[in-house]
Amino acid sequence: MTWSWEYLSSEQHVTAGALADFLAAVERRAADLVRAAEALYLDGTSYQGSGEPMRYLDVAGGMLAYYVAPRLELVVCQLTPPM
């Protein structure tokens, strides 16, 4: 398996109406989170602990909520665009 990230719900639903600059910043931050998770969980599929809690980041005036699912080698992201 290889690490990746995805939107919670669907990309179309989550990104509807969000500004392009905000989405680009989210995608950069999500890629950073994937690289960090990949380094922390060298073999995520064999991870035996409980998953990480939901965490929150300020991204370009909006909010990115995410959690890492090590056994799935996945970073799941949910967005709150800036007002």
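Heads up: the structure comes first, above all this text.
Just so it is clear, the structure is predicted and the values come from calculations on it, not from any experiment.

## Things to note about the overall build of the chain
Part 1: When you go through the chain residue by residue, the secondary structure sums to 2 helices and 4 strands.
Part 2: Start at the N end of the chain and walk to the C end: the helices and strands fall as β-α-α-β-β-β.
Part 3: The C-alpha atoms of the chain give a radius of gyration of 13 Å, which matches the 12 Å a tight globule of 83 residues would have.
Part 4: In terms of overall dimensions, the chain has a C-alpha envelope of 40 × 20 × 20 Å along the principal axes.
Part 5: The burial tally for the chain puts 36% of its 83 residues in the buried class.
Part 6: Here the analysis covers contacts within the chain between residues at least 6 apart in sequence; of these, 59% occur between residues at least 24 apart.

## Examining the packing of aromatic side chains
Part 1: By the definition in use, this model includes 3 aromatic pairs.
Part 2: Aromatic side chains Trp 5 and Tyr 7 sit 5.0 Å apart centroid to centroid with 80 degrees between the ring planes, which places their arrangement in the edge-to-face category.
Part 3: Under the relative-accessibility criterion, Trp 5 is labelled partly exposed at 24%.
Part 4: Through a chain of ring-to-ring contacts, the aromatic side chains of Trp 3, Tyr 41 and Tyr 47 assemble into a single cluster.

## Some points on the nonpolar core
Part 1: Judged by nonpolar contacts, the single largest core of 20 residues is most densely connected at Trp 3, Phe 22, Val 26, Leu 64, Val 68, Val 75 and Leu 79.
Part 2: For this core, the secondary-structure elements that each account for two or more residues are helix 2 (20-40), strand 3 (62-69) and strand 4 (74-80).
Part 3: Ranked by residue count, the leading element in this core is helix 2, at 8 residues.
Part 4: Among all residues touching Val 26, those that are not within four sequence positions of it are Tyr 7, Val 59, Leu 64 and Leu 79.

## Quick look at the sheet that holds strand 1 (residues 4-7)
Part 1: Read across the open sheet, the 4 strands follow the order 1-4-3-2; overall the sheet is mixed. Strand pairing shows two members of the sheet lacking a second neighbour, strand 1 and strand 2 (55-59), which therefore form its edges. Strand-to-strand, the axes of this sheet are offset by a mean angle of 30 degrees, without reference to chain direction.
Part 2: Pairing between strand 3 and strand 4: 7 bridges, direction antiparallel. Of the residues in strand 4, the one forming a bridge with Tyr 66 is Cys 77.

## Topic: the environment of Ala 39
Part 1: The residue Ala 39 is located in helix 2 in this model.
Part 2: Along the sequence, Ala 39 and Glu 73 sit 34 residues apart, while their C-alpha atoms lie 11 Å from each other.

## A few points about the side chain of Thr 15
Part 1: Tracing the sequence through the fold places Thr 15 in helix 1 (residues 11-15).
Part 2: Here Glu 11 takes part through its backbone oxygen, which lies 2.6 Å from a polar atom of the side chain of Thr 15.
Part 3: When sequence neighbours within four positions are dropped, the list of residues in contact with Thr 15 reads Tyr 7, Leu 23 and Leu 79.

Definitions and limits used
Residues numbered from 1 in each chain as written. Predicted model: local features only at pLDDT ≥ 70, side-chain atom pairs only at ≥ 80, totals over all residues. Heavy atoms only, no water. Helix = DSSP H or I, 4+ residues; strand = E, 2+ residues; numbered from the N terminus. Rg over C-alpha atoms; globule rule 2.2 N^0.38 Å. Buried < 20%, exposed > 50% of the residue type's maximum accessible area, 1.4 Å probe, protein only. Contact = heavy atoms within 4.5 Å. Phe/Tyr/Trp six-rings, centres within 6.5 Å; stacked < 30°, edge-to-face > 60°. Core = buried A, V, L, I, M, F, W, Y, C linked by side-chain atoms within 4.5 Å. Pairing = 2+ DSSP bridges. Axes fitted to C-alpha atoms, helices over the stretch in contact; angles between N-to-C directions. Polar contact = N/O pair within 3.5 Å; in protein donor to acceptor, adjacent residues only side chain to side chain.

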